[in-house]
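If you want the building blocks of each chain, they are given just below.
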Amino acid sequence: MSRRHRRVVALIALLGLVAFLPFAEGPMPGWMAWFSFASTVVLVLGGKSILAPLIQRPVGFRVGELGDPADELNTDGVGNLDPDARTRLAQVRQDPGAS
Amino acid sequence: MTGELHPALVLLVGAVLAAVVPRRWSSAVAVAAGVAAVVAVVALDTGAVATFDFYGYEVTVLQADGLSQPFALAFAVIAVLAAVYGWRTMDRLERSTGLATAAAGIGVVLAGDLLTLFFFWELKVTTAVLLIFAGRRARSAAAGFRYVRVHLVGGVLLLGGILWHLSDTGSLTFGALDLTPATSLVLVGFLLSAAVVPLNAWLPDAYPESTIAGTVVLSAYTTKSAVYVLARGFAGLELLVWLGVIMAVFGVIYAVLEDEIRRLLGYHIISQVGFMVAAVGVGTEAAVNGATAHATAHLLYKGLLMMGVGAVVFAAGASRMSQLGGLARAQPWVLVLYLVGAASISGVPLFSGFPAKELVVAAVGDGGYGTAQWLLKFASVGTFLSVALKLPAWTWFGESTGGAAATTLRRVPTTMYVAMGAAAAANIAIGLRPALLYDLMPSEVVFTPYTASKVFETLVLLAGTSVGFVVLRHRLIPAGKVSVDTDWVYRELPWRVAAVVASRRPAAIGEAPRPDGGFRIVPAGLFGPTASRTKTSIAPGWILGSAVVAAMVLVLAASVLP
């Protein structure tokens, strides 16, 4: 078992203990820990694995509205392209994979 | 007399002055106007009324009471914070427009009749569009026009509903409204401004396209004034409970997937407004208190969050997490101040969101909506996950994945820190002493947020989410993609339908090729790749898109008819 896996198992075991701490009302006062853990799993796995393939598109899929590298870089607080952004824009145009 | 000075008038005078005074005085004028508006709101006596005769109708331009005053006060405070935040970055026109937007928001919440309400409502839309245009980019202009399209439909429905209601009842008074066909139109106009799903897409589409200070202003007034008018006119309408819950859950799902930091917070506006709309739907005194408290706290912490990510955009020139990372060492105070806002929106004890959110969730449960209460807790998990864990993890921590952190960051002006610090102090003060918030509520608050049980339950909820984040962290790495929202229906579908239709039309012999400036369509099928079009082919898209928006709104209107 890798170090990361051991850490994950330890955290989940800790969550199991928390579920029985007697600081709230009800038979399992800390069960909200499991509720929130399960909700996180549903949000992340459901969102990323099921929903994302259906609703997510590459940046630039809308012609002329999204996807121009300049659109992602040209904010200087008042909407103008600032000198640093120009440098980065040049880098991105030379190596699109860098963005 | 001071008690009858309309705070919106103060801000409108400030807006004019900020536009015409020499450039170096403009920032100070904007801050002074905001402070004067705060003083004017505080000086208003509860029950103060100002009326005048308008073609035989008594128009109530000012009506201060327990519901309107907390909204007006929070709106005025945000006007000050935004003016300080934008001291070095806003130009005179933008500063003036921001003050006018604040004036319109305050005008809405102090309006005593539907005519005054409509006037300020439309002023708010107009000035908000100008703030979006202030982004001065092609995509800002496009988003601004989409914003206009959606809100024009909402405005027409609102005006139609008001006139119909006037002909039915002979009254323009704005108070609790019975649900009739006329008031249904008014309700849908309000729901559109509250960004109720599926009429929500204008918000995350438009807000990130403004300037960094413009986004702070935009995030404050439109949806919260919609919450106010719903609480004033339609408290206790059960439909709102479920619309609010859908908003709360929908917003966090999209936020978890989002890569652009300001758009992510835009989805959280939808989610948090969902909490307020649900509480308004419950309609009890405690629930309306909860909606008002949550709106007031939300104005402070969402303003702080928008300012925090705005400082990142200002310094790095990038706004996608997939382009950011590793900024903590360069921006430690921006991170700390952002985290105060993140703790507040997540409902962490000792921060402003805790007493506000607990009040809402308890009121929804006490109102007999147990399922809704659990779904709101589910949304709270998503809020903590995306705002307090995901966004900081890939913006300030980790390795820089793009070029932003590798280049020299621009220095964040001191005035930005001052505004963020003031907002953070307000959030902590309310968290430490909830009475500061509860004493402003429309009716007496009989609720104790700091009990061992409530604090423990909240901490455990946050701990479980944190463990989930650690376990699934690798799956949350920003993908650098765009999420299609419900705006697909009016931004893409009409083009796809037109493309399919065009592909079936036989070409006439000798037909001249279409000029590039026209409606150039590449048949791509209804669900295939995006139909290609030129940038200048805006008119057909507008007509088709607007028709679809109108149809969506009318379907919603039909669904709420009594």
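Owing to the predicted nature of the structure, the values given are computational and were not obtained by experimental measurement.

Definitions and cut-offs
- Residues numbered from 1 in each chain as written.
- Chains lettered and ligands numbered in written order.
- Predicted model: local features only at pLDDT ≥ 70, side-chain atom pairs only at ≥ 80, totals over all residues.
- Heavy atoms only, no water.
- Helix = DSSP H or I, 4+ residues; strand = E, 2+ residues; numbered from the N terminus.
- Buried < 20%, exposed > 50% of the residue type's maximum accessible area, 1.4 Å probe, protein only.
- Areas by Shrake-Rupley, 256 points an atom, 1.4 Å probe, with all protein chains shown as cover.
- Contact = heavy atoms within 4.5 Å.
- 1 Å grid on protein atoms, 1.4 Å probe; cavity = no way out; pocket = protein on both sides within 12 Å on 5 of 7 lines; lining within 4 Å.
- Points joined across faces, edges and corners; volume = space filled by probe spheres on them.
- Nonpolar A, V, L, I, M, F, W, Y, C, P; charged D, E, K, R; others polar.
- Expected span 1.5 Å × (residues − 1).
- Axes fitted to C-alpha atoms, helices over the stretch in contact; angles between N-to-C directions.
- Parallel < 35°, antiparallel > 145°, perpendicular 65-115°, else oblique.
- Left-handed = near helix turned anticlockwise from the far one by under 90°.
- Phe/Tyr/Trp six-rings, centres within 6.5 Å; stacked < 30°, edge-to-face > 60°.
- Pairing = 2+ DSSP bridges.
- Core = buried A, V, L, I, M, F, W, Y, C linked by side-chain atoms within 4.5 Å.
- Salt bridge = Lys/Arg side-chain N within 4 Å of Asp/Glu carboxyl O.
- Patch = residues over 30% accessible without salt bridge, like charges linked within 9 Å, V, L, I, M, F, W, Y side chains within 5 Å.
- Polar contact = N/O pair within 3.5 Å; in protein donor to acceptor, adjacent residues only side chain to side chain.
- pLDDT = per-residue confidence, 0-100.

Q: Looking at this structure, how should I read the overall build of chain B?
A: For chain B, the count of helices and strands is 21 helices and three strands. When burial is assessed residue by residue, chain B has 64% of its 562 residues classed as buried. A total accessible area of about 19,100 Å² is found for chain B, and carbon and sulfur atoms account for 67% of it.

Q: Looking at this model, I keep getting lost on the overall build of chain A. Mind explaining?
A: If you tally the helices and strands in chain A, you get four helices and one strand. Scanning chain A from its N terminus toward the C terminus, one meets helices and strands in the order α-α-β-α-α. Each of the 99 residues in chain A was classed as buried or not, and the buried ones make up 41%. Expressed as a percentage of contacts within chain A between residues at least 6 apart in sequence, the contacts between residues at least 24 apart total 5%. Total accessible area on chain A stands at roughly 5,500 Å², and carbon and sulfur atoms take up 65% of it.

Q: What is the right way to look at the layout of surface pockets in this model?
A: Where empty space is left becomes clear once a probe the size of a water molecule has been rolled over the atoms. Residues and elements named next belong to chain B. Within this model, the second largest pocket holds a volume of roughly 300 Å³. Only helix H14 (353-366), helix H15 (370-395) and helix H18 (452-472) provide two or more residues apiece to the lining of the second largest pocket. In the lining of the second largest pocket, the residues fall into five nonpolar, six polar and five charged.

Q: How should H14 of chain B be read in this particular structure?
A: Residues that lie three or four places apart on an α-helix share one face, since the helix turns once every 3.6 residues. Residues and elements named next belong to chain B. In a regular helix each residue adds 1.5 Å, so 14 residues correspond to 20 Å; H14 covers 20 Å between its end C-alpha atoms and thus fits that length. Counting buried positions along H14 gives 12 out of 14 residues, so the element sits mostly inside the fold. Those residues of H14 not exposed but buried are Gly353, Phe354, Pro355, Ala356, Lys357, Glu358, Leu359, Val360, Val361, Ala362, Ala363 and Val364. Phi turns positive, to about 95°, at glycine 368, one or two residues after H14.

Q: Please explain the packing of helix H9 (residues 212-234) of chain B against helix H12 (residues 285-316) of chain B as it appears in this structure.
A: When two helices pack together, you describe them by how their axes are tilted relative to each other and by the distance separating the axes. Residue and element names in this part refer to chain B. Across the interface, H9 lies against H12 with an axial gap of 8 Å and an inter-helix angle of 160°. Considered as vectors, H9 and H12 are oriented roughly antiparallel to each other. Between H9 and H12 lies a crossing of right-handed hand. Of the residues in H12, those touching H9 at Ile212, Thr215, Val216, Ser219, Ala220 and Lys224 are Ala295, His298, Leu299, Lys302, Gly303, Met306, Met307, Gly310, Val313 and Phe314. In the contact of H9 with H12, the residues fall into nine nonpolar, five polar and two charged.

Q: What's the story with the side chain of histidine 151 of chain B in this structure? I'm lost.
A: Residues and elements named next belong to chain B. Its place among the elements puts histidine 151 in helix H6 (residues 138-169). A residue is classified by how much of its surface remains accessible, and histidine 151, at 3% relative accessible area, is buried. Ignoring sequence-local partners within four residues, the contact set of histidine 151 consists of Val125, Leu192, Ser193, Trp202 and Thr222.

Q: Sorry, what's going on with the packing of aromatic side chains here?
A: Aromatic rings in a pair are described by how distant their centres are and how their planes are angled relative to each other. Residue and element names in this part refer to chain B. Counted according to the given criterion, the structure contains 19 aromatic pairs over all chains. The interplanar angle of 65° and the centroid separation of 6.2 Å between the aromatic rings of phenylalanine 174 and phenylalanine 190 together place this pair among those described as edge-to-face. A residue pair is termed long-range when its members are at least 10 positions apart, and phenylalanine 174 in the loop between H6 and helix H7 (181-193) and phenylalanine 190 in helix H7 qualify at 16 residues. Judged by relative accessible area, which is 2%, phenylalanine 174 ranks as buried. Given the relative accessible area of 0%, phenylalanine 190 is considered buried. Note on tryptophan 394 and phenylalanine 469: the rings are 6.2 Å apart at their centroids and 75° apart in plane angle, and the pair reads as edge-to-face. Residue tryptophan 394 is found in helix H15, and its partner phenylalanine 469 is found in helix H18; the two are separated by 75 residues along the sequence.

Q: What is the right way to look at the pairing of strand E1 (residues 49-54) of chain B in this model?
A: The side chains of a regular strand alternate between the sheet's two faces. Bridge analysis of E1 of chain B against strand E2 (residues 57-63) of chain B gives six bridges, and the strand direction is antiparallel. Note on E2 of chain B: the bridge partner recorded for aspartate 53 of chain B is glutamate 58 of chain B.

Q: Looking at this structure, how should I read the nonpolar core?
A: As a rule of thumb, soluble globular proteins bury nonpolar side chains together. Residue and element names in this part refer to chain B. Among the nonpolar cores identified, the biggest contains 213 residues, and Tyr85, Phe190, Leu230 and Leu240 are the most heavily contacted of them. Residue contributions to this core peak at 20 residues, all from H12. Not counting chain neighbours up to four residues away, the residues in contact with leucine 230 comprise Leu187, Phe190, Leu191, Ala194, Ala235, Leu240, Val277 and Val280.

Q: Explanation requested: the pattern of salt bridges in the structure shown.
A: Opposite charge on two side chains lets them pair, provided their charged atoms get close. All names here are of chain B. A complete count under the given rule lists six salt bridges over all chains for this structure. With its nearest N and O atoms 2.4 Å apart, the salt bridge here joins arginine 136 to aspartate 91. Of this pair, arginine 136 sits in the loop between helix H5 (114-133) and H6 while aspartate 91 sits in the loop between helix H3 (68-85) and helix H4 (92-110), placing them 45 residues apart in sequence.

Q: Help me understand a nonpolar patch on the surface in this model?
A: All names here are of chain B. A contiguous nonpolar patch, built from Leu5, Leu9, Val13, Val16, Leu17 and Val20 and spanning about 520 Å² of accessible area, is present on the exposed surface. Examined against the element boundaries, valine 16 turns out to sit in helix H1 (residues 7-20). Classification of valine 16 by relative accessible area gives exposed; the value is 53%.

Q: Please explain the side chain of serine 483 of chain B as it appears in this structure.
A: Relative to the helices and strands, serine 483 of chain B is located in strand E3 (residues 481-483). By relative accessible area, which is 8% here, serine 483 of chain B ends up buried. Among the polar contacts made by the side chain of serine 483 of chain B, one reaches the side chain of glutamine 56 of chain A at a distance of 3.0 Å. Beyond its immediate chain neighbours, meaning those up to four positions away, serine 483 of chain B contacts Ile55 and Gln56 of chain A together with Tyr254, Leu257 and Glu258 of chain B.

Q: Whenever I open this one, the confidence of the model for chain A confuses me. Can you help?
A: Low pLDDT marks stretches whose predicted atomic positions should not be read closely. Residues and elements named next belong to chain A. With 49% of its residues at a pLDDT of 70 or more, chain A shows a mean pLDDT of 66. Considering each helix and strand of chain A separately, the mean pLDDT is smallest for helix H3 (residues 69-73), with a value of 43, and largest for helix H2 (residues 32-55), with 90. Throughout residues 63-83 the model reports pLDDT below 50, and contacts reaching past four residues in sequence, or to other chains, amount to 67 contacts.

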